[in-house]
Amino acid sequence: MTRHARLDEDARDEDLAPLLSEGWRMAEDRDAIVRSFRFADFSAAWGFMTRVALEAEKLDHHPEWSNVWNRVDIVLSTHDAGGLTALDVALARRIDALAG
Ligand SMILES: C[C@H](O)[C@H](O)[C@H]1CNC2=NC(N)=NC(=O)C2=N1
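Residues numbered from 1 in each chain as written. Predicted model: local features only at pLDDT ≥ 70, side-chain atom pairs only at ≥ 80, totals over all residues. Heavy atoms only, no water.

## Re helix α2 (residues 42-59)
Piece 1. Compared with the 26 Å implied by 1.5 Å per residue over 18 residues, the 25 Å span of α2 between its first and last C-alpha is a close match.
Piece 2. All buried positions along α2 are accounted for by A45, G47, F48, M49, V52, E55, A56 and L59.
Piece 3. Between the side-chain oxygen at the start of α2 and the backbone nitrogen of S43 there is a gap of 3.3 Å, and the oxygen is on D41. (Helix = DSSP H or I, 4+ residues; strand = E, 2+ residues; numbered from the N terminus. Expected span 1.5 Å × (residues − 1). Buried < 20%, exposed > 50% of the residue type's maximum accessible area, 1.4 Å probe, protein only. Polar contact = N/O pair within 3.5 Å; in protein donor to acceptor, adjacent residues only side chain to side chain.)

## Some points on unusual backbone geometry
Piece 1. One non-glycine residue, D60, lies in the positive phi region at around 50 degrees.
Piece 2. Within the element layout of this structure, D60 appears in the loop between α2 and β3 (64-68).
Piece 3. Even without a glycine there, the phi angle at W69 is positive, about 45 degrees.
Piece 4. Relative to the helices and strands, W69 resides in the loop between β3 and β4 (71-76).

## Quick word on a negative patch on the surface
Piece 1. A cluster of like negative charges, contributed by D8, E9, D10, D13 and E14, occupies part of the molecular surface.
Piece 2. Counting through the fold element by element, D10 comes out in helix α1 (residues 9-20). (Patch = residues over 30% accessible without salt bridge, like charges linked within 9 Å, V, L, I, M, F, W, Y side chains within 5 Å. Areas by Shrake-Rupley, 256 points an atom, 1.4 Å probe, with all protein chains shown as cover. Salt bridge = Lys/Arg side-chain N within 4 Å of Asp/Glu carboxyl O. Lys, Arg positive; Asp, Glu negative; His and termini not counted. Charge placed at Lys NZ, Arg CZ, Asp CG, Glu CD.)

## What about the site of the ligand?
Piece 1. Taken together, D60, H61, H62, S77, T78, H79 and D80 are the residues near the ligand.
Piece 2. In the model, an oxygen atom of the ligand is placed 2.5 Å from a nitrogen or oxygen of the D60 side chain.
Piece 3. Within the contact set of the ligand, a nitrogen atom lies 2.9 Å away from a backbone nitrogen or oxygen of S77.
Piece 4. Out of a free accessible area of 390 Å², the ligand has 67% covered by protein chains. (Near = heavy atom within 4 Å.)

## Quick word on the sheet that holds β4
Piece 1. One open sheet holds the 4 strands; their spatial order is β1-β2-β4-β3, and the pairing between them is antiparallel. Edge positions in the open sheet fall to β1 (25-26) and β3, since each of these has one partner strand only.
Piece 2. Relative to β4, strand β2 (residues 33-38) runs antiparallel, the two being bridged by 6 bridges. Of the residues in β4, the one forming a bridge with F37 is V72. (Pairing = 2+ DSSP bridges.)

Below you can see the structure in the form of structure tokens.
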């Protein structure tokens, strides 16, 4: 697939900033965004992860994540690029839409 370049300053202002004001935050130690989601129970959390997994496959872009009962912690970054790209923005938007 197309190689994506790290987000430049304009893209960070236009595309990343809205995500950062709506619940995502920058990782402390690397060029990545992180967000925690909470659900009613494990079943709801796992259903969410299943829907995110299908979107990730469509994008061929995958989250780093962990799940503890009703909580799902997600980190997005593009490994091939060594930081944030448009793929992370696209996946974050789809994740937010699925989280409702
Ligand atoms: C071959 C395949 O396209 C790559 O390994 C994809 C798969 N999913 C990926 N996901 C993420 N987050 N970063 C990547 O660089 C990446 N690369």
